[in-house]
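# Coordinate analysis (summary)
Here is what each chain is made of, one letter per residue.
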Amino acid sequence: MNKINFSERFFLAGASGMVGSSIKRKLIELGYGSHEKGGAILAPNRKELDLLDSESVKNWMREKKPSVVILAAAKVGGILANSSYPVNFILENLKIQTNVIEAAWLNGVKRFLFLGSSCIYPKFAKQPIEEEDLLSGELESTNQWYAIAKIAGLKLCESLRKQYEFDAISLMPTNLYGPNDNYDLQNSHVMPALIKKFIDAKKNKLPFITCWGSGSVLREFLYVDDLAEAAVYCLEKWDPSIKNAPRDRNGNLLNHLNVGSGKDISIKELAEKIARITEFQGLIKWDTSKPDGTPRKLLNTEKINKLGWKSSTSLDEGIKKTIASI
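Read on for an overview of the structure. Here the structure is a predicted model, which means the values were calculated and not measured. (Residues numbered from 1 in each chain as written. Predicted model: local features only at pLDDT ≥ 70, side-chain atom pairs only at ≥ 80, totals over all residues. Heavy atoms only, no water.)

## As for the side chain of Ser 34
Along the polypeptide, Ser 34 turns up in the loop between α1 (18–29) and β2 (40–42). Of the residues examined, Ser 34 reaches a relative accessible area of 19% and is grouped as buried. Setting aside chain neighbours within four positions, we find Ser 34 in contact with Phe 6 and Gly 39. (Helix = DSSP H or I, 4+ residues; strand = E, 2+ residues; numbered from the N terminus. Buried < 20%, exposed > 50% of the residue type's maximum accessible area, 1.4 Å probe, protein only. Contact = heavy atoms within 4.5 Å.)

Structure (structure tokens):
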């Protein structure tokens, strides 16, 4: 039996972003939000609702009365952006999360989904990373500000369930990519940055491109539509409070689950793959004066797989779809 139905009023915070827009497409595809069935998908833009304004969020939620809230809004960026604007990354994300989560709880929302990130886990966590590895070691310094904010959001959801039985769940996706991504080389993540570089180099017939770091670090990538499928699936099926729900290695019930592809690849191999797909014939140079970040980051997804969800888009297929969407 599904935990949500077609008559739900969804509030999708961050609907214009890569993740939010993908979730919105998936909800519509499955029949959610249909007026004929009594449902709605509320997706206000920044002008219509400032998520940094606590009172505005509370008033908006009181007026619109959503029954399901999905928090996909966040300030995100790559290594350079995180290193350059630490205050923005911790403060804005803390404000957005606290405002939306608290307002949802105070207004009696039926189900709440918080989307975090795999960067919440320690820099040198055992691989693949399990959910219970959270807070077991120090964070990667280049994105610790964002990570700390996301940990706070996850723990706020967990504490509200524990103290007030508020039905909030959290998903921690690995590195995401896909349509509607951010391709600004100054603040984008590694996948869109590489795609942008290779497309431009091919177009301008450049003899070489320069990539950050050594290329030796390993990363896992998930096509954003796979995350959207996981998000809706967990809203439908996952109840952390029941006996057969996923548990950690100590037998404790979990309130957050990893979402990933289960496979990783070196950044060097990724660059070579994108070069082949974009048909770039030039050289690939590596600027080792730039930071690599965490040596390896692969999520253990056994728990969400046992619930019945598994990623279905291969890396090659996802990259090709992403390039076609640009």
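Back to the write-up after that little detour.
## Things to note about the environment of Arg 296
Note on placement: Arg 296 falls in strand β12 (residues 296–297). When the C-alpha atoms of Arg 296 and Ser 266 are compared, they prove to be 8.8 Å apart, with 30 residues separating the residues in sequence. In this structure Arg 296 touches Gln 127, Leu 218, Arg 219 and Asp 264, once residues within four positions along its chain are discounted. Separated by 2.6 Å, the side chains of Arg 296 and Asp 264 make a polar contact. (Polar contact = N/O pair within 3.5 Å; in protein donor to acceptor, adjacent residues only side chain to side chain.)

## Examining the state of the cysteines
Put plainly, a disulfide is one covalent bond tying together the sulfur atoms of two cysteines. Scanning the entire structure with this criterion turns up 0 disulfides. Free cysteine: Cys 119, not disulfide-bonded; nearest cysteine sulfur from Cys 157 at 16 Å. (Disulfide = S-S within 2.5 Å.)

## Section: the nonpolar core
Considering soluble globular proteins, one finds that nonpolar side chains tend to be buried as a cluster. Ranked by size, the top nonpolar core spans 39 residues in total, and within it Phe 11, Leu 51, Met 61, Leu 71, Val 100 and Phe 112 carry the most contacts. Secondary structure elements with two or more residues in this core: β1 (9–13), β2, α2 (54–64), β3 (68–71), α4 (86–106), β4 (111–115), α5 (144–164) and β5 (168–173). Apart from the residues lying within four places of it in its own chain, the contact partners of Leu 51 are Phe 11, Ala 13, Val 57, Ala 73, Lys 95, Ile 96, Asn 99 and Val 100. Grouped together as the second largest cluster of nonpolar side chains are 33 residues, Phe 10, Tyr 32, Ile 41 and Ile 304 included. (Core = buried A, V, L, I, M, F, W, Y, C linked by side-chain atoms within 4.5 Å.)

## Looking at the sheet that holds β4
Across the sheet, which stays open at both edges, the 6 strands sit in the order β2-β1-β3-β4-β5-β9 with parallel pairing between neighbours. Strands at the two margins of the open sheet, each flanked by one partner only, are β2 and β9 (256–259). Taken over all neighbouring pairs, the strand axes of this sheet differ in orientation by 20° on average, direction set aside. Looking at chain direction, β3 and β4 are connected through 4 bridges and run parallel. Bridged to Ile 70 within β4 is Leu 113. Sheet contacts for α2: β1, β2 and β3; angle to β1, the most-contacted strand, approximately 160°. Together, β3, β4, β5 and β9 form the strand contacts of helix α7 (residues 224–237), whose direction differs from that of β5 by roughly 155°. (Pairing = 2+ DSSP bridges. Axes fitted to C-alpha atoms, helices over the stretch in contact; angles between N-to-C directions.)

## Some thoughts on the packing of aromatic side chains
A complete count under the given rule lists 7 aromatic pairs for this structure. Relative to Trp 60, the ring of Phe 11 lies with its centre 4.4 Å away and its plane at 45°, an arrangement referred to as tilted. Here the residue Phe 11 occupies a position in strand β1, and Trp 60 occupies one in helix α2, the gap between them amounting to 49 residues. Here Phe 11 matches Trp 60 in class, with each residue buried. An aromatic cluster of at least three residues, connected via ring pairs, comprises Phe 6, Phe 10 and Tyr 32. Note that Lys 37 overlies the ring of Phe 6, its terminal NZ or CZ placed 4.4 Å from the centroid. The ring of Phe 89 has Lys 75 lying over it, and the distance from NZ or CZ to the ring centre is 5.3 Å. (Phe/Tyr/Trp six-rings, centres within 6.5 Å; stacked < 30°, edge-to-face > 60°. Lys NZ or Arg CZ within 6 Å of the ring centre and 35° of its normal.)

## Considering the environment of Pro 128
Along the chain, Pro 128 turns up in the loop between β4 and α5. On the basis of relative accessible area, Pro 128 is assigned to the partly exposed category, the value being 35%. Linking Pro 128 and Ser 289, residues 161 residues apart in sequence, is a C-alpha distance of 28 Å. Apart from the residues lying within four places of it in its own chain, the contact partners of Pro 128 are Leu 298, Leu 299 and Asn 300.

## As for the pairing of strand β8 (residues 218–223)
For β8, the tally of buried residues reaches 5 of 6 residues, placing the bulk of the element in the interior. The pairing of strand β6 (residues 175–177) with β8 spans 3 bridges and is classified as parallel. Looking at β8, one finds that Leu 176 is bridged to Leu 222. Sheet topology places β8 next to strand β10 (residues 264–266); 3 bridges connect them, and they run antiparallel. The partner of Arg 219 across the bridge, within β10, is Ile 265. Sheet topology places β8 next to β12; 2 bridges connect them, and they run parallel. Note on β12: the bridge partner recorded for Arg 219 is Lys 297.

## What about the environment of Ile 169?
Inspection of the secondary structure puts Ile 169 in strand β5. Spatially, the C-alpha atoms of Ile 169 and Glu 55 are 24 Å apart, while their sequence positions differ by 114 residues. Excluding residues within four positions of it along the chain, Ile 169 makes contact with Arg 111, Phe 112, Leu 113, Phe 114, Arg 161, Cys 234, Leu 235, Trp 238, Pro 240 and Asn 255.

Keep in mind these numbers describe shape, not what the thing actually does.
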